[in-house]
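Next come the chains, spelled out residue by residue.
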Amino acid sequence: GESVGLHLPTLSVQEGDNSIINCAYSNSASDYFIWYKQESGKGPQFIIDIRSNMDKRQGQRVTVLLNKTVKHLSLQIAATQPGDSAVYFCAENPQGGYNKLIFGAGTRLAVHP
Amino acid sequence: GAVVSQHPSWVICKSGTSVKIECRSLDFQATTMFWYRQFPKQSLMLMATSNEGSKATYEQGVEKDKFLINHASLTLSTLTVTSAHPEDSSFYICSATPGERGSYEQYFGPGTRLTVT
(Lines give C-alpha, C1' and ligand atoms only; values in the text may rest on other atoms or scores of the structure.)
Protein backbone atom coordinates (compact mmCIF):
# COMPACT_ATOMS: atom_id res chain seq x y z
CA GLY A 1 0.00 0.00 0.00
CA GLU A 2 0.95 3.62 -0.01
CA SER A 3 3.36 4.63 2.67
CA VAL A 4 5.78 7.30 3.62
CA GLY A 5 8.65 6.19 5.81
CA LEU A 6 11.64 7.65 7.52
CA HIS A 7 15.14 6.26 7.75
CA LEU A 8 15.97 7.57 11.23
CA PRO A 9 13.52 7.50 14.12
CA THR A 10 15.69 9.80 16.28
CA LEU A 11 18.35 12.35 15.55
CA SER A 12 20.56 14.03 18.11
CA VAL A 13 22.57 17.09 17.12
CA GLN A 14 24.62 19.76 18.79
CA GLU A 15 23.29 23.27 18.91
CA GLY A 16 24.59 25.20 15.95
CA ASP A 17 25.09 22.16 13.75
CA ASN A 18 23.05 21.48 10.64
CA SER A 19 20.39 18.77 10.80
CA ILE A 20 19.21 16.55 7.99
CA ILE A 21 16.01 14.56 8.34
CA ASN A 22 15.21 12.04 5.64
CA CYS A 23 12.01 10.56 4.30
CA ALA A 24 11.19 7.96 1.66
CA TYR A 25 7.89 7.88 -0.12
CA SER A 26 6.40 5.11 -2.18
CA ASN A 27 3.86 6.72 -4.48
CA SER A 28 5.52 8.05 -7.60
CA ALA A 29 2.28 9.87 -8.47
CA SER A 30 2.46 12.11 -5.41
CA ASP A 31 2.79 15.71 -6.51
CA TYR A 32 3.01 17.63 -3.26
CA PHE A 33 5.12 17.11 -0.17
CA ILE A 34 5.16 18.87 3.15
CA TRP A 35 7.30 18.88 6.27
CA TYR A 36 5.62 19.44 9.61
CA LYS A 37 7.04 20.06 13.06
CA GLN A 38 5.14 18.81 16.07
CA GLU A 39 5.92 19.77 19.62
CA SER A 40 4.66 17.68 22.50
CA GLY A 41 0.92 18.00 23.01
CA LYS A 42 0.40 20.28 20.03
CA GLY A 43 -0.83 20.00 16.49
CA PRO A 44 1.56 19.83 13.53
CA GLN A 45 3.06 23.08 12.39
CA PHE A 46 3.78 23.69 8.73
CA ILE A 47 7.47 24.14 7.96
CA ILE A 48 7.92 24.00 4.22
CA ASP A 49 6.42 22.37 1.18
CA ILE A 50 7.51 21.44 -2.31
CA ARG A 51 5.75 20.52 -5.51
CA SER A 52 6.90 17.62 -7.61
CA ASN A 53 8.03 19.92 -10.41
CA MET A 54 10.79 21.25 -8.15
CA ASP A 55 13.80 19.55 -6.61
CA LYS A 56 14.74 22.16 -4.02
CA ARG A 57 13.03 24.84 -2.05
CA GLN A 58 14.46 27.10 0.62
CA GLY A 59 12.87 28.83 3.53
CA GLN A 60 14.22 30.54 6.58
CA ARG A 61 16.97 28.22 7.88
CA VAL A 62 15.24 25.26 6.23
CA THR A 63 15.67 23.60 2.87
CA VAL A 64 13.67 20.76 1.40
CA LEU A 65 15.18 18.55 -1.26
CA LEU A 66 13.15 16.24 -3.45
CA ASN A 67 14.67 13.41 -5.44
CA LYS A 68 11.93 11.89 -7.52
CA THR A 69 14.23 9.32 -9.07
CA VAL A 70 14.66 7.51 -5.77
CA LYS A 71 11.51 8.88 -4.15
CA HIS A 72 13.36 10.60 -1.36
CA LEU A 73 12.66 13.77 0.55
CA SER A 74 14.88 15.53 3.03
CA LEU A 75 14.63 18.47 5.37
CA GLN A 76 17.76 20.41 6.18
CA ILE A 77 17.81 22.74 9.16
CA ALA A 78 20.71 25.14 9.33
CA ALA A 79 22.26 26.21 12.63
CA THR A 80 19.95 24.01 14.67
CA GLN A 81 18.63 25.63 17.82
CA PRO A 82 17.15 24.16 21.02
CA GLY A 83 13.77 25.43 19.88
CA ASP A 84 14.00 23.11 16.89
CA SER A 85 13.68 20.10 19.19
CA ALA A 86 10.46 18.35 18.17
CA VAL A 87 9.15 15.50 16.06
CA TYR A 88 9.28 16.11 12.34
CA PHE A 89 6.90 14.47 9.90
CA CYS A 90 6.97 14.37 6.15
CA ALA A 91 3.68 14.03 4.35
CA GLU A 92 2.72 13.39 0.76
CA ASN A 93 -0.37 14.14 -1.24
CA PRO A 94 -0.81 11.08 -3.46
CA GLN A 95 -3.98 12.16 -5.18
CA GLY A 96 -3.50 15.81 -5.87
CA GLY A 97 -6.02 18.55 -5.22
CA TYR A 98 -7.52 19.09 -1.83
CA ASN A 99 -7.09 15.57 -0.74
CA LYS A 100 -5.73 13.61 2.14
CA LEU A 101 -2.15 13.58 3.25
CA ILE A 102 -0.22 10.46 4.12
CA PHE A 103 2.15 11.00 7.00
CA GLY A 104 5.46 9.34 7.60
CA ALA A 105 6.45 7.76 10.89
CA GLY A 106 8.22 10.82 12.23
CA THR A 107 11.74 11.65 13.41
CA ARG A 108 12.46 13.07 16.82
CA LEU A 109 15.09 15.79 16.69
CA ALA A 110 16.94 16.40 19.95
CA VAL A 111 19.19 19.44 20.05
CA HIS A 112 21.85 19.44 22.74
CA PRO A 113 23.61 22.56 23.99
CA GLY B 1 -4.14 34.05 9.22
CA ALA B 2 -5.27 30.45 8.63
CA VAL B 3 -5.99 29.60 12.25
CA VAL B 4 -7.77 26.41 13.24
CA SER B 5 -9.06 25.89 16.74
CA GLN B 6 -10.30 22.83 18.57
CA HIS B 7 -12.52 22.52 21.59
CA PRO B 8 -12.03 21.14 24.10
CA SER B 9 -8.26 20.92 24.34
CA TRP B 10 -8.62 17.94 26.64
CA VAL B 11 -11.48 15.87 27.98
CA ILE B 12 -11.87 12.99 30.38
CA CYS B 13 -14.98 10.87 30.10
CA LYS B 14 -16.32 7.63 31.48
CA SER B 15 -16.51 4.48 29.42
CA GLY B 16 -19.79 4.24 27.53
CA THR B 17 -20.40 7.96 27.22
CA SER B 18 -20.12 10.10 24.09
CA VAL B 19 -17.79 13.02 23.53
CA LYS B 20 -18.02 15.77 20.92
CA ILE B 21 -14.95 17.59 19.64
CA GLU B 22 -15.26 20.78 17.63
CA CYS B 23 -12.94 22.00 14.91
CA ARG B 24 -13.26 25.56 13.68
CA SER B 25 -11.50 27.54 11.00
CA LEU B 26 -11.34 31.02 12.50
CA ASP B 27 -10.36 33.24 9.60
CA PHE B 28 -11.11 31.29 6.46
CA GLN B 29 -13.79 29.10 5.00
CA ALA B 30 -12.84 25.46 4.91
CA THR B 31 -14.36 23.45 2.13
CA THR B 32 -12.67 20.34 3.47
CA MET B 33 -11.70 19.29 6.96
CA PHE B 34 -9.78 16.22 8.00
CA TRP B 35 -9.78 14.30 11.27
CA TYR B 36 -6.70 12.47 12.49
CA ARG B 37 -5.94 10.30 15.47
CA GLN B 38 -2.49 10.08 17.01
CA PHE B 39 -1.39 7.57 19.61
CA PRO B 40 1.68 8.30 21.77
CA LYS B 41 4.94 8.34 19.87
CA GLN B 42 3.16 7.49 16.64
CA SER B 43 2.31 9.33 13.49
CA LEU B 44 -0.96 10.92 12.52
CA MET B 45 -3.50 8.49 11.16
CA LEU B 46 -6.22 9.93 8.95
CA MET B 47 -9.66 8.92 10.14
CA ALA B 48 -11.95 10.72 7.73
CA THR B 49 -12.34 13.52 5.24
CA SER B 50 -15.22 15.89 5.78
CA ASN B 51 -16.70 18.11 3.10
CA GLU B 52 -19.19 20.81 3.98
CA GLY B 53 -22.75 19.73 3.39
CA SER B 54 -21.99 16.13 2.52
CA LYS B 55 -21.25 12.87 4.27
CA ALA B 56 -17.76 12.26 5.50
CA THR B 57 -15.48 9.79 3.78
CA TYR B 58 -13.98 7.37 6.26
CA GLU B 59 -10.66 5.61 5.94
CA GLN B 60 -10.57 1.85 5.92
CA GLY B 61 -10.92 0.40 9.38
CA VAL B 62 -12.55 3.47 10.93
CA GLU B 63 -16.06 2.80 12.22
CA LYS B 64 -18.38 5.46 10.88
CA ASP B 65 -21.04 4.66 13.47
CA LYS B 66 -18.59 5.13 16.29
CA PHE B 67 -16.90 8.27 15.02
CA LEU B 68 -19.67 10.56 13.83
CA ILE B 69 -18.53 13.51 11.77
CA ASN B 70 -20.64 16.50 10.89
CA HIS B 71 -19.49 19.39 8.71
CA ALA B 72 -22.49 21.65 8.94
CA SER B 73 -20.84 24.89 7.89
CA LEU B 74 -17.73 26.13 6.13
CA THR B 75 -16.11 26.93 9.46
CA LEU B 76 -17.15 24.08 11.72
CA SER B 77 -16.74 20.33 11.77
CA THR B 78 -17.48 18.10 14.74
CA LEU B 79 -16.28 14.64 15.67
CA THR B 80 -18.39 12.68 18.13
CA VAL B 81 -16.89 9.60 19.71
CA THR B 82 -19.89 7.48 20.64
CA SER B 83 -19.87 4.92 23.43
CA ALA B 84 -16.26 5.68 24.18
CA HIS B 85 -13.97 2.99 25.54
CA PRO B 86 -10.47 3.22 27.01
CA GLU B 87 -8.94 2.16 23.70
CA ASP B 88 -10.40 5.32 22.16
CA SER B 89 -8.12 7.39 24.37
CA SER B 90 -5.93 9.30 21.98
CA PHE B 91 -4.94 12.70 20.65
CA TYR B 92 -7.46 13.83 18.03
CA ILE B 93 -6.33 16.47 15.56
CA CYS B 94 -8.28 18.21 12.84
CA SER B 95 -7.05 20.12 9.84
CA ALA B 96 -8.76 22.36 7.35
CA THR B 97 -8.05 23.47 3.84
CA PRO B 98 -9.46 26.54 2.13
CA GLY B 99 -9.70 24.59 -1.06
CA GLU B 100 -8.54 27.53 -3.10
CA ARG B 101 -7.41 26.71 -6.58
CA GLY B 102 -3.84 25.53 -6.46
CA SER B 103 -3.73 25.49 -2.67
CA TYR B 104 -3.06 22.14 -1.13
CA GLU B 105 -2.06 23.33 2.29
CA GLN B 106 -3.80 21.98 5.36
CA TYR B 107 -3.89 24.01 8.53
CA PHE B 108 -3.90 21.98 11.72
CA GLY B 109 -5.69 22.54 14.97
CA PRO B 110 -3.93 22.21 18.34
CA GLY B 111 -5.46 18.81 19.04
CA THR B 112 -7.78 17.39 21.67
CA ARG B 113 -6.55 14.90 24.24
CA LEU B 114 -9.28 12.36 25.01
CA THR B 115 -8.95 10.10 28.02
CA VAL B 116 -11.61 7.46 28.61
CA THR B 117 -11.68 5.96 32.08
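Numbering of residues starts from 1 in every chain and runs along the sequence as written. Chain labels run from A onward and ligand labels from 1 onward, assigned in the order the entries are written. Only residues with pLDDT of at least 70 get local features here, since the model is predicted, and only at 80 or more are side-chain atom pairs given and counted; chain-wide, interface and lining totals rely on the full set of residues. Note that the side-chain values use all heavy atoms of the structure and ignore hydrogens as well as water.

Note on conventions: DSSP H or I runs of at least 4 residues are helices, E runs of at least 2 residues are strands, and numbering of each starts at the N terminus. When its secondary structure is counted, chain A shows zero helices and eleven strands. Each helix and strand of chain A, placed in order from N terminus to C terminus, yields the pattern β-β-β-β-β-β-β-β-β-β-β. Relative to its full complement of 113 residues, chain A shows a buried share of 44%. Values of accessible area rely on a 1.4 Å probe in the Shrake-Rupley scheme; residue burial ignores everything except the protein chains shown. A total of about 5,400 Å² of accessible surface is found on chain A, and carbon and sulfur atoms cover 46% of it. Any residue under 20% of the maximum accessible area for its type is buried, any over 50% is exposed, and the rest in between are partly exposed; the area is computed with a 1.4 Å probe on protein chains only.

Our focus in this paragraph is the layout of surface pockets. Taken as a whole, the largest pocket holds about 420 Å³ of empty space. Using a 1 Å grid laid over the protein atoms alone, points where a 1.4 Å probe fits but cannot get out form a cavity; open sets with protein on both sides within 12 Å along at least 5 of 7 lines form a pocket; any residue with an atom within 4 Å of a point counts as lining. Val87 and Arg108 of chain A together with Gln38, Lys41 and Gln42 of chain B are, among the 21 residues lining the largest pocket, the residues nearest its centre. Those elements giving two or more residues to the lining of the largest pocket turn out to be β9 (86-93) and β11 (107-112) of chain A. Grouping the constituent residues of the lining of the largest pocket by class yields eight nonpolar, eight polar and five charged. Grid points are joined across faces, edges and corners, and a volume is the space filled by probe spheres set on the points. Throughout this entry, Asp, Glu, Lys and Arg are counted as charged residues, while Ala, Val, Leu, Ile, Met, Phe, Trp, Tyr, Cys and Pro are counted as nonpolar. The remaining residues, Gly among them, count as polar.

This brings us to the sheet that holds strand β7 (residues 67-73) of chain B. The strands making up a sheet are joined through hydrogen bonds of the backbone, oriented either antiparallel or parallel. All names here are of chain B. With respect to topology, four strands assemble into an open sheet ordered β1-β3-β8-β7, the strand pairing being antiparallel. Of all strands in the sheet, those bounded by a partner on one side alone are β1 (4-7) and β7. Across the sheet, the axes of successive neighbouring strands diverge by a mean angle of 15 degrees, strand direction being ignored. The criterion for strand pairing is that DSSP finds at least two bridges linking the strands in question. Inspection of the sheet shows β7 paired to strand β8 (residues 76-81) by five bridges, in the antiparallel sense. Bridging across to β8, Phe67 finds its partner in Val81. Every axis in this analysis is a line fitted to C-alpha atoms, fitted for helices over the stretch in contact. Angles between the N-to-C directions lie between 0 and 180 degrees.

For every residue, the predictor states its confidence as a pLDDT score lying anywhere from 0 to 100. Chain-level statistics for chain A give a pLDDT mean of 89 and a share of 88% at 70 or above. Averaged pLDDT values for the elements of chain A fall to 52 in strand β1 (residues 4-5) of chain A and rise to 98 in strand β7 (residues 62-67) of chain A.

Attention now moves to unusual backbone geometry. A cis amide bond links His7 of chain B with the next residue in sequence, Pro8 of chain B, at an omega value of 0 degrees. One non-glycine residue, Lys71 of chain A, lies in the positive phi region at around 55 degrees. In this fold, Lys71 of chain A is placed in the loop between β7 and β8 (72-77). We classify Lys71 of chain A as partly exposed; its relative accessible area is 26%. At Ser83 of chain B, a residue that is not glycine, the phi angle is positive and equals roughly 45 degrees.

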